[in-house]
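Chain by chain, the residues run as shown.
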Amino acid sequence: MHYSETWDLDSIFPGGIDSPALKTKLTTIKQQLHEAETTLANWRADADTPDYDWFQQIVAELQTIEAGLAQCEVFVVAIQSADARDTKAGIVLNQLYQLDNDQQKLMTQFKKQLVQLSQATFAKLIAQPELQSLAFNLTEMRQQGLALLDSQTEALINNLAVDGFQGWSDHYDTLVSQMQIKYTDQTGQTKLLSAGQAQNMLAAAMPNEQRADLMANWEQAWQQNAAPIADTLNHLAGFRLQAYKAHGTTNFLQKPLELNRMSQETLDTMYDVVDRNKQMLLHYLQRKALLMGKQQVDWQDLEAPLTLGTATNSQTYDEAAAFVISNFQKFSPKMAQLAKYAFAHRWIEAENRPNKRPGGYMDNLPETKESRIFMTFTGSPNDTATLAHELGHAFHADVIKDLPFWRQDYAMNVAETASTFAELIVADANVKAATDTATKLNLLDAKMQNPLAMFLDIHARYLFETQFYQARLQHVVTPAELSALMLQAQKSAYDNALTTYHPMFWASKLHFYISDVPFYNFPYTFGYLFSLGIYAQAKQDAQFEDHYIALLRDTANMSTEDLAKKHLGVDLTKPDFWQAGVALIKRDIDEFMALSAPLL
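Here the structure is a predicted model, which means the values were calculated and not measured.

## Digging into the overall build of the protein
Along its length, the protein carries 24 helices and five strands. By the compact-globule yardstick of 25 Å for 600 residues, the protein fits well, its C-alpha radius of gyration being 24 Å. The principal-axis extents of the C-alpha atoms in the protein amount to approximately 80 × 55 × 50 Å. Taken across its 600 residues, the protein has 56% of its residues classed as buried.

What follows is the structure, encoded as structure tokens:
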């Protein structure tokens, strides 16, 4: 099969950012917001007999509005991602943020009115057959309502957030879209790369000296933009902390934990296991350095592929697609079917071209019940893994698409479970398919990118963000302080095992600048280790596909701890489950060390 490397957006709203259908949709959402506001105004929380019909109506209206907004936002962000120069997309996004702000006001009022209900009345309402599937979500909203301020103050905070919070996140995107990084190729020709192109290049095969030169230029480019980016980070964090303070929240980790429906005890246990097991990864990095002809690893080498032997590990996009589909089939025919459909129906933007934003993501279209995947495919094993990763997200969205919209609102930590599981399938298959030692070592190295990131890089981000928020509570943090905090976090996470680090990582990492997700780090480690446990079970479970889908369908229906207990029979506050996942990582490292020893 030959698949297009560009996605289809016209099937969502034809005509691009000026789509008449998009404009009509925005007008419809405005009308729906007005109607829902009227419905909420008719609330009688003190009524002796619950108004079942009214309650079902407002629940349906609010979900319809959220789904419509999500549909529009996915479309506009997709246009902006594919071409960072598209200034019109930013204007429409701002319109959507205004509508989203109005929707948030309605949700605030809804949650506050849920609190006004007596426990007996609330219990009767959520016991209705039509609403039983939303009982957990509605109970969660009622709990959230207890922390809300008066409606006027909440509305003011939401209004200010459009420019004072989301606006700073958008500002970061603008700054990054204008950056250029100098790159000298092997012929001596100098080019100017976008941030996305340079990021991809750092993970591509090239001589050590050339990679070091690009890394120096990368660090320098971010340093030149340090002042405005530091302003952006400070104002994002400052707004968030002021909002926390207004709601009586003094612990800046409380909200991230609530968003991920997990406890501090689970987080502490997970990171305790990470700390106790990272030495094996550092030993692997030392061996990798020697294989690269170096004494120690530099920061730019962490994602650098090994290129032992003469065989190329490169794949075409079509070859990668076929490989993903065939290996999904071995674990879950439904995963393979979804992947095949996604490729055939152009859900994926993978073309390697200038002016695309860095990174990759999957967004779900709740109204058309499809997904769209953004990435840049260059042919490396890591790109094939990214493809599988994002298709894992799409599969998660697909198996819950028939559920009410609020039941599809799973937390980030479990969101990374399906994606990482899919990535594990492909990474394992890559290694098994290797026919010689050099190729197997190259592919094991590619597979090690995940545990390296989850145990060391993500931990450094978590340590940095923790220290940054503690400092930001006291004062505006200067660029020099931010770099010092990042350097300290990286040295701690990597146990001083690297020769050089990336102090400007606080500026170059998009995740620090996403307004609606604080601490966009530890959920990745959770999802990775959680998926390792699922992967281990998959090989021994004859009914794995059914059990796996059942778990995914419950991801927005209970706490993380309850999900693990119900579907895996494990206690996340104990180290045993996490340590079992570590054992699979150790297996790969042991194989890598044994195969590479004769080469030294």
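## Considering the pattern of salt bridges
Under the definition given, this model contains 26 salt bridges. For Asp588, the salt bridge is made with Arg587, and the minimal N-O distance between the two is 3.6 Å. Judged by its relative accessible area of 8%, Asp588 falls in the buried class. By relative accessible area, Arg587 is classed as partly exposed at 38%. Through salt bridges with shared partners, a single ionic network connects Glu349, Glu351, Arg353 and Lys356.

## Description of the packing of helix H13 (residues 317–331) against helix H14 (residues 333–344)
Between two packed helices, both the angle of their axes relative to each other and the distance between the axes serve to describe the pair. The N-to-C vectors of H13 and H14 enclose an angle of 155°; their axes lie 6 Å apart at closest approach. Relative to H14, the element H13 lies roughly antiparallel. Counted together, Tyr317, Ala321, Ile325, Phe328, Gln329 and Phe331 of H13 and Pro333, Met335, Ala336, Ala339, Lys340 and Phe343 of H14 form the full contact between these two elements. Residue composition of the contact of H13 with H14, by class: 10 nonpolar, one polar and one charged.

## Section: helix H12 (residues 279–291)
Helix length check: H12 (13 residues) gives 19 Å between terminal C-alpha atoms against 18 Å at 1.5 Å per residue, within 8%. Where H12 is concerned, the buried positions are Met280, Leu281, Leu282, Tyr284, Leu285, Arg287, Lys288, Ala289 and Leu291. Those residues of H12 that are buried lie in contact with helix H11 (264–277), helix H17 (437–447), helix H18 (449–472) and helix H24 (575–596). In the stretch just after H12, Gly293 is the one whose phi turns positive, near 80°.

## Observations concerning unusual backbone geometry
Among all residues except glycine, the phi angle is most often negative; among peptide bonds, the trans geometry is most common. Even without a glycine there, the phi angle at Arg261 is positive, about 50°. A relative accessible area of 10% means that Arg261 is categorised as buried. With phi around 70°, Asn355 is a residue other than glycine that occupies positive phi space. Judged by its relative accessible area of 27%, Asn355 falls in the partly exposed class.

## Overview of the packing of aromatic side chains
The tally for this structure, following the rule as stated, stands at 38 aromatic pairs. Between the aromatic rings of Tyr361 and Phe374, the centroid separation amounts to 5.4 Å while the plane-to-plane angle is 20°, which identifies the pairing as stacked. Taken together, the residues Tyr361 in strand E4 (residues 361–365) and Phe374 in strand E5 (residues 370–374) connect sequence positions 13 residues apart. Each of the two residues, Tyr361 as well as Phe374, counts as buried. The ring of Phe122 carries Arg142 above its face, with NZ or CZ at 4.9 Å from the centroid.

## A short note on a negative patch on the surface
There is a patch of like negative charges on the surface, built from Glu265, Asp268, Asp571 and Asp576. Its location among the elements puts Asp576 in helix H24.

## Comments concerning the nonpolar core
The tendency in soluble globular proteins is for nonpolar side chains to be buried as a group. Counting 157 residues, the largest nonpolar core has Phe328 and Trp506 as the members making the most contacts within it. Counting 49 residues, the second largest nonpolar core, distinct from the first, contains Leu33, Phe55, Ile79 and Leu99.

## Details of the pairing of strand E2 (residues 190–193)
Pairing of strand E1 (residues 181–184) with E2, which is carried by four bridges, proceeds in the antiparallel orientation. Its bridge partner being in E2, Lys182 is matched across the sheet by Leu192. Turn length for the E1-E2 hairpin, with the two strands adjacent in sequence and antiparallel, is five residues, and the turn residue Gly188 shows positive phi of about 90°.

## Comments concerning the environment of Glu73
Within the secondary structure, Glu73 sits in helix H2 (residues 52–82). The partly exposed category is assigned to Glu73, whose relative accessible area is 22%. The spatial distance from the C-alpha of Glu73 to the C-alpha of Leu93 is 7.0 Å, given a sequence separation of 20 residues. Those residues within four positions of Glu73 in sequence are excluded, and the remaining contacts are Leu96 and Asp100.

Quick notes on the rules
- Residues numbered from 1 in each chain as written.
- Predicted model: local features only at pLDDT ≥ 70, side-chain atom pairs only at ≥ 80, totals over all residues.
- Heavy atoms only, no water.
- Helix = DSSP H or I, 4+ residues; strand = E, 2+ residues; numbered from the N terminus.
- Rg over C-alpha atoms; globule rule 2.2 N^0.38 Å.
- Buried < 20%, exposed > 50% of the residue type's maximum accessible area, 1.4 Å probe, protein only.
- Salt bridge = Lys/Arg side-chain N within 4 Å of Asp/Glu carboxyl O.
- Axes fitted to C-alpha atoms, helices over the stretch in contact; angles between N-to-C directions.
- Parallel < 35°, antiparallel > 145°, perpendicular 65-115°, else oblique.
- Contact = heavy atoms within 4.5 Å.
- Nonpolar A, V, L, I, M, F, W, Y, C, P; charged D, E, K, R; others polar.
- Expected span 1.5 Å × (residues − 1).
- Phe/Tyr/Trp six-rings, centres within 6.5 Å; stacked < 30°, edge-to-face > 60°.
- Lys NZ or Arg CZ within 6 Å of the ring centre and 35° of its normal.
- Patch = residues over 30% accessible without salt bridge, like charges linked within 9 Å, V, L, I, M, F, W, Y side chains within 5 Å.
- Areas by Shrake-Rupley, 256 points an atom, 1.4 Å probe, with all protein chains shown as cover.
- Lys, Arg positive; Asp, Glu negative; His and termini not counted.
- Charge placed at Lys NZ, Arg CZ, Asp CG, Glu CD.
- Core = buried A, V, L, I, M, F, W, Y, C linked by side-chain atoms within 4.5 Å.
- Pairing = 2+ DSSP bridges.

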